[in-house]
Amino acid sequence: MTDASPRPKVVKSDAEWRAQLTPEQYEITRGHATECAFTGPHLSQKEPGMYRCVCCDAPLFRSDAKFESGTGWPSFFQPVSREAVIGIEDNSYGMRRIEVRCATCDAHLGHVFPDGPQPTGMRFCINGIAMTFTPDDVSVSPSEGAA
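Residues numbered from 1 in each chain as written. Predicted model: local features only at pLDDT ≥ 70, side-chain atom pairs only at ≥ 80, totals over all residues. Heavy atoms only, no water.

Under an unreviewed UniProt entry, the name given to the protein is Peptide methionine sulfoxide reductase MsrB, and the source organism is Ancylobacter crimeensis. Looking at the protein in UniProt, the text filed under Sequence similarities (unreviewed entry) is "Belongs to the MsrB Met sulfoxide reductase family." Under the Catalytic activity (unreviewed entry) heading, UniProt states for the protein: "L-methionyl-[protein] + [thioredoxin]-disulfide + H2O = L-methionyl-(R)-S-oxide-[protein] + [thioredoxin]-dithiol". (UniProt positions renumbered as here; feature names shortened; annotations may be inferred.)

Written as structure tokens, this is what we have:
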């Protein structure tokens, strides 16, 4: 299931973001920081489901697009839809990179590089702290839970 329809833009004041997010989530998503490699959540997550923006809950990546890149951050070869994320040129630290942001709320998610697997050849290297994970629903038969 993908949510390909454009979502209304989420705009909040700095004070509202600070009140909603943990200090670490704020520093990464609003302050454009990066979590230390191999320390964030979701790196080893293998369950089927949806990765969502920690700021606005917009769907970002499906688990079936996740792969092990060895970089220390959750990596994906494509977002859930073309409208889910935006790329911004980032020339910080003497490098030329493309920053990945949530298209709905402009949260900093990570960066994208052209060294990923097929079918896209892209590696979306995403801070785990910038995302939540929602497992796919599991059907429960009517007989389950009955006494």
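Next comes the rest of the description.
Peer 1: Residues and numbers for the UniProt feature "active site" (unreviewed entry) in the protein, please.
Peer 2: Under the feature "active site" (unreviewed entry), the UniProt entry names Cys125. Residue position: Cys125 is located in strand E8 (residues 123-126). Discounting residues that sit within four places of it in the chain, Cys125 has contacts with Thr71, Trp73, Pro74, Ser75, Leu109, Gly110, His111 and Phe113. (Helix = DSSP H or I, 4+ residues; strand = E, 2+ residues; numbered from the N terminus. Contact = heavy atoms within 4.5 Å.)

Peer 1: Please set out the pattern of salt bridges residue by residue, giving values where relevant.
Peer 2: Under the definition given, this model contains seven salt bridges. Residue Arg96 pairs with Glu89 through a salt bridge whose shortest N-O separation is 3.3 Å. The class of Arg96 is exposed, set by a relative accessible area of 70%. A relative accessible area of 46% places Glu89 in the partly exposed class. Residue Arg123 is joined to Asp115 by a salt bridge in which the shortest nitrogen-to-oxygen separation is 2.8 Å. Overall, the relative accessible area of 11% leaves Arg123 in the buried class. (Salt bridge = Lys/Arg side-chain N within 4 Å of Asp/Glu carboxyl O. Buried < 20%, exposed > 50% of the residue type's maximum accessible area, 1.4 Å probe, protein only.)

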